[in-house]
Amino acid sequence: MVKYTSDILPYDIGRMNYTVRLLMQLKDDVDSCYLEKAVALAMTRYPYFKKTMVRSGEEYLIVDNERPVVVYENTGKSRALNSQDVNEHLVSVDYSGKTIGLNVSHMLAGGCGIFELMRTILYCYLTERYSVRLTVEDLRLPGEPLEAGERDYLDSDKLPDVKPMAYDRIKDGELPLSDYMAAFTNPERASDCYYHIEFSQKDFMGKAKTSDGSPATLLSALMFRMLYKVWGDKKLPIQSKIMHNFRSEVGCPNTTCDIVRSIHVCYPDRMADASLDRLCTVTRGAVILQSQPENAIYDGKKMIERLRNAESFAKLEEKVAYCQQNKGVSASIQDSFMVSYTGWTKWGDMIHYIETGDVITDGHLMLEVISLDDKIGVTFEQVVNDTKYIEAFIRELENEDISYTLSGPFEKNMAAFKLP
């Protein structure tokens, strides 16, 4: 049994907080009284979200926290997770106007688990506030026990020794270092912000299908086209990172733990003039090759090896230093941008009360995709206040006759993390 249930370890938290902010904008203003009751009720279904991080000697531990999860009005600054302001929880809920924000440490769960918690909170809130009965498929309700395998984590000792496929072909891609430098050193250019792009689900999925793609591969191909034009002086190929949930391949198909790895898609310069169909086919081919079980098992074993190596050091500072220098197999590869899609979310009758949603993380040129019944939302994230990226991306959409609506920029307002 391993001590942690994520490839993100407490020793990784430093410059990056590894928090996720899931925003759901409703059609009516949020009623704080009903929201507080809904969160308290929903949390009884998810004991694994009621945690805090403490220091015990020369290590960090994730332990139970029986204090109430804090619900607060967000007036422009999110409260730090693991701080007294949120009862030292690794989860908090805030609201502002019509929007509910769920802030979660990625150490507790992946997107599949975070969306499940939000679905339960929304169900408890909507049914009580509007005195309605709602039908929502596969909803996890308060009072029900955890499902079989809901908190399973990979056991590397039970996984076979395998030889990974295609890793020897993966090299570093172009990285916008000047943007990152500006974000950290130039207050006039730094802007942790995002745009919201919304598509008709029918039209967008239709375009993906006719282009031999999926939402993630279609967005990846469009991002390559855009960046090739914006980065005229680049030195390395443009490379995409597509997040892949591999819990099934390592024997944890029903887990809410964060078990994801990266698919790296390199786009040589010679593909600059390739059709969208061709780009999507190449992208899909890389996804199929790199998502083979051998690679998933290899990465899974490496995740546990990294944890055990970190734990082998006697001093806390040594564990932190090791994790900062050893990011894991996929994380050590340099990519130009990232696309993440948790998958189809079953909102059921709740969709009638939902306007839109966004998934916000630490990232630059990061695209988070959310399904909203008849709509698909894309959160386009960046760390500089430069409009060249979003403007160039919109031009690519228009060149392909992909209809959209655009709003933003908005401040990310991410929750920081207070180390114990």
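Note that the structure is predicted; figures quoted are calculated from it, not measured.

A.B. asks: Could you give an account of the layout of surface pockets, naming the residues involved and the relevant values?
C.D. replies: In this structure, the second largest pocket encloses a volume near 480 Å³. Along the wall of the second largest pocket there are 23 residues; nearest its centre are Leu23, Gln25, Thr99, Tyr194 and Phe410. At the level of elements, β1 (19-26), β5 (91-96), β7 (190-200), β11 (354-360) and β14 (405-411) are the ones that each hand at least two residues to the lining of the second largest pocket. Across the lining of the second largest pocket, the residue classes tally to five nonpolar, ten polar and eight charged.

A.B. asks: Mind laying out helix α5 (residues 215-230), listing which residues take part and the relevant values?
C.D. replies: When the terminal C-alpha atoms of α5 are compared, their 22 Å separation across 16 residues agrees well with the 22 Å that a helix rising 1.5 Å per residue should span. With 13 of 16 residues buried, α5 lies mostly within the body of the structure.

A.B. asks: Summarise the packing of aromatic side chains; cite the residues concerned and give the values.
C.D. replies: A full pass over the atoms with the stated rule returns 13 aromatic pairs. An aromatic cluster is defined as three or more aromatic residues linked by ring pairs; in this entry it consists of Tyr46, Tyr48 and Phe49. The side chain of Lys37 reaches across the aromatic face of Tyr34, ending 5.8 Å from its centre. The ring of Tyr46 has Arg45 lying over it, and the distance from NZ or CZ to the ring centre is 5.1 Å.

A.B. asks: Before we move on, could you go through the sheet that holds β7 and cite the residues and values that matter?
C.D. replies: Judged by pairing direction, the sheet is mixed, and its seven strands sit side by side in the order β9-β8-β10-β12-β13-β7-β14 without closing on themselves. Edge positions in the sheet fall to β9 (260-267) and β14, since each of these pairs with one other strand and no more. Strand-to-strand twist of the sheet, defined as the mean angle between neighbouring strand axes without regard to direction, takes the value 20°. Direction of pairing for β7 relative to β14: antiparallel, over a ladder of five bridges. Each residue of the ladder has a partner; that of His196, found in β14, is Ser407.

About the thresholds
- Residues numbered from 1 in each chain as written.
- Predicted model: local features only at pLDDT ≥ 70, side-chain atom pairs only at ≥ 80, totals over all residues.
- Heavy atoms only, no water.
- 1 Å grid on protein atoms, 1.4 Å probe; cavity = no way out; pocket = protein on both sides within 12 Å on 5 of 7 lines; lining within 4 Å.
- Points joined across faces, edges and corners; volume = space filled by probe spheres on them.
- Helix = DSSP H or I, 4+ residues; strand = E, 2+ residues; numbered from the N terminus.
- Nonpolar A, V, L, I, M, F, W, Y, C, P; charged D, E, K, R; others polar.
- Expected span 1.5 Å × (residues − 1).
- Buried < 20%, exposed > 50% of the residue type's maximum accessible area, 1.4 Å probe, protein only.
- Phe/Tyr/Trp six-rings, centres within 6.5 Å; stacked < 30°, edge-to-face > 60°.
- Lys NZ or Arg CZ within 6 Å of the ring centre and 35° of its normal.
- Pairing = 2+ DSSP bridges.
- Axes fitted to C-alpha atoms, helices over the stretch in contact; angles between N-to-C directions.

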